[in-house]
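Here is how the chains run, residue by residue.
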Amino acid sequence: MRTAIVEDCQEHSDLLKQYILNWGNRKKHKIVIRQFSSAEQFLFHFEEEEVPDVVFLDIQMPGLSGVELAKKLREKEQQIAIVFTTGIDDYIAEGYDLEAVHYLLKPLQEEKIGVCLDKIARKQCKESYVILNGFGETFRVKVSDIWWAEAQGHHAVLGISDSGNVKKVKIADSIGAMQERLPKSNEFVKTHRSYLVNLRHVKNIRRAEILMDDGTVIPLSRRIYKEVNEQFIRLYV
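Residues numbered from 1 in each chain as written. Predicted model: local features only at pLDDT ≥ 70, side-chain atom pairs only at ≥ 80, totals over all residues. Heavy atoms only, no water.

Looking at the packing of aromatic side chains
Two aromatic rings, taken as a pair, are described by how far apart their centres are and by the angle between their planes. For clarity, the cut-off: Each pair of aromatic rings taken from Phe, Tyr and Trp, with Trp reduced to its six-membered ring, is defined by centres within 6.5 Å and is described as stacked if the planes are under 30 degrees apart, edge-to-face if over 60, and tilted in the remaining cases. Only when the NZ of Lys or the CZ of Arg is both within 6 Å of the ring centre and within 35 degrees of the ring normal is a charge said to sit over the ring.
Applying the stated criterion to the full structure yields 1 aromatic pair. One residue, R140, lies across the ring of Y129, its end atom 4.0 Å from the ring centre.

Printed below as a string of structure tokens:
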């Protein structure tokens, strides 16, 4: 998760950075953090560098305010997750207008930072894409549209949702190579040495098989039935 902190108080910036890194360690997410002391400094780098996934913005800063910076970001990048941090709650309405993910009051609390990042991570997983290698082509697929994958030798066949139907698509990648590109989450699980399943599209789990929402039946190794079943339950509780 590429993260930017825009905060004119170094003490608050460093504390927020530590809370974010602690969350990343707990969740086993790779976190890359850049710190900026002003909105102007952030904008100077924004045009030339990789767009962050999430920006933590202090609202009250000298020069360009956090709200003004958020408006500029929304004009160019709708997908950036914006989180406001401030010592007063006078700007909550503007935060909603700018579709801020969260509004955090100082002094910042690590638990609330974690809840905020959990929400962002769930949203990113639903909207993220993966690049796959076909036979003579490279294409992009929304992660949430991948229902299952079956290993076939050094290649794989995927069940991909397309306009409400799940179609089989053969790719040149191995199932292991494809899995490496997926976001680190608890939604995809190996159900068998040859199968990977997106638990979000599972209807029910039986001792030796999994029934997908479209009626497809996927083999389930009895050896890992308990582990897969528990992971499925954790998604919804």
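Observations regarding the environment of D118
To be explicit about the condition: Helix and strand definitions follow DSSP, with helices as H or I runs of at least four residues and strands as E runs of at least two, each counted in order from the N terminus. Burial classes follow relative accessibility: with a 1.4 Å probe on protein chains only, a residue under 20% of its type's maximum area counts as buried, one over 50% as exposed, and anything between as partly exposed. The criterion used for residue contact is that any of the two residues' heavy atoms lie within 4.5 Å.
With respect to the helices and strands, the residue D118 is situated in helix α5 (residues 110-127). A relative accessible area of 22% places D118 in the partly exposed class. Counting along the chain gives 95 residues from D118 to W23, while the straight-line C-alpha distance between them is 8.9 Å. Setting aside anything within four residues of it in sequence, one finds D118 in contact with W23 and K27.

Notes on the pairing of strand β11 (residues 188-192)
For clarity, the threshold we go by: DSSP calls a pair of strands paired once it identifies at least 2 bridges connecting them.
Here β11 pairs with strand β12 (residues 195-198) via 4 bridges, running antiparallel. Bridging across to β12, K190 finds its partner in L196. Linking two consecutive strands that pair antiparallel, namely β11 and β12, is a turn of 2 residues.

Here's the deal with the side chain of T3
Along the chain, T3 falls in strand β1 (residues 2-6). According to the relative accessible area criterion, T3 is buried, its value standing at 2%. Excluding residues within four positions of it along the chain, T3 makes contact with I20, I31, V32, I33, R34, V54 and F56.

Details of helix α7 (residues 225-234)
Selection rule: Here, the arc refers to the directions that run from the helix axis to the C-beta atoms.
For α7, every residue scored as buried is listed here: Y225, V228, Q231 and F232. Buried residues of α7 fall within an arc of 135 degrees about the axis and therefore sit on the same side. Buried residues belonging to α7 abut β11, β13 (202-205) and β14 (209-212).

Some words on the packing of helix α2 (residues 39-46) against helix α3 (residues 66-76)
Rules: To obtain each axis, a line is fitted to C-alpha atoms, and for helices this fit is confined to the stretch in contact; angles are then taken between N-to-C directions over 0 to 180 degrees. Orientation labels follow simple angle bins: below 35 degrees gives roughly parallel, above 145 gives roughly antiparallel, 65 to 115 gives roughly perpendicular, and whatever is left gives oblique. In a left-handed crossing the near helix is turned counterclockwise from the far helix by less than a right angle, and in a right-handed crossing that turn is clockwise. Residue polarity is assigned by list, with Asp, Glu, Lys and Arg as charged and Ala, Val, Leu, Ile, Met, Phe, Trp, Tyr, Cys and Pro as nonpolar; anything else, Gly included, falls into the polar class.
Close contact between α2 and α3 brings their axes to 11 Å; oriented N to C, the two are set at 20 degrees. When the axis of α2 is compared with that of α3, the two are roughly parallel. For the crossing formed where α2 meets α3, the hand is left-handed. Contact with α2, carried on its side by A39, F42, L43 and F46, involves L69, K72, L73 and K76 of α3 and no other residues of that element. Its residues assigned to classes, the contact of α2 with α3 comprises 6 nonpolar, no polar and 2 charged.

Notes on the pattern of salt bridges
Stated precisely, the cut-off is as follows: A pair is scored as a salt bridge if a Lys or Arg side-chain nitrogen falls within 4 Å of a carboxyl oxygen belonging to Asp or Glu.
Tallying each qualifying case throughout the model produces 9 salt bridges. Where E7 meets K106, a salt bridge forms, and the shortest distance between an N and an O atom there is 2.9 Å. Taken as a pair, E7 in the loop between β1 and α1 (10-27) and K106 in the loop between β5 (102-105) and α5 lie far apart in primary sequence, 99 residues in all. In this pair, the class of E7 matches that of K106, namely buried. Taking the shortest distance from any N to any O, the salt bridge between K106 and D58 comes out at 3.3 Å.

Examining the sheet that holds strand β15 (residues 217-219)
In a beta sheet, neighbouring strands pair by backbone hydrogen bonds and run either parallel or antiparallel. Strand order across the open sheet formed by 3 strands is β13-β14-β15, with antiparallel pairing between neighbours. Pairing within the sheet leaves two strands with one partner each, and these edge strands are β13 and β15. Between one strand axis and the next, the sheet turns through 25 degrees on average, direction left out of account. When β13 meets β14, the two strands line up antiparallel, connected through 3 bridges. Residue pairing across strands places N204 opposite L211, the latter belonging to β14. The strands touched by α7 are β13 and β14; relative to β13, the strand with the most contacts, the crossing angle is about 140 degrees.

A closer look at the side chain of N198
Our working definition: In protein, a polar contact requires one atom able to donate a hydrogen and another able to accept it; more generally it is a pair of N or O atoms within 3.5 Å, and residues adjacent in sequence count only if both atoms are side-chain atoms.
For N198, the position within the fold is in strand β12. Looking at N198, the relative accessible area reads 1%, which means it is buried. At a separation of 3.0 Å, a polar atom in the side chain of N198 contacts the main-chain carbonyl oxygen of I146. Apart from the residues lying within four places of it in its own chain, the contact partners of N198 are V143, S144, I146, W147, E187, F188 and M212.

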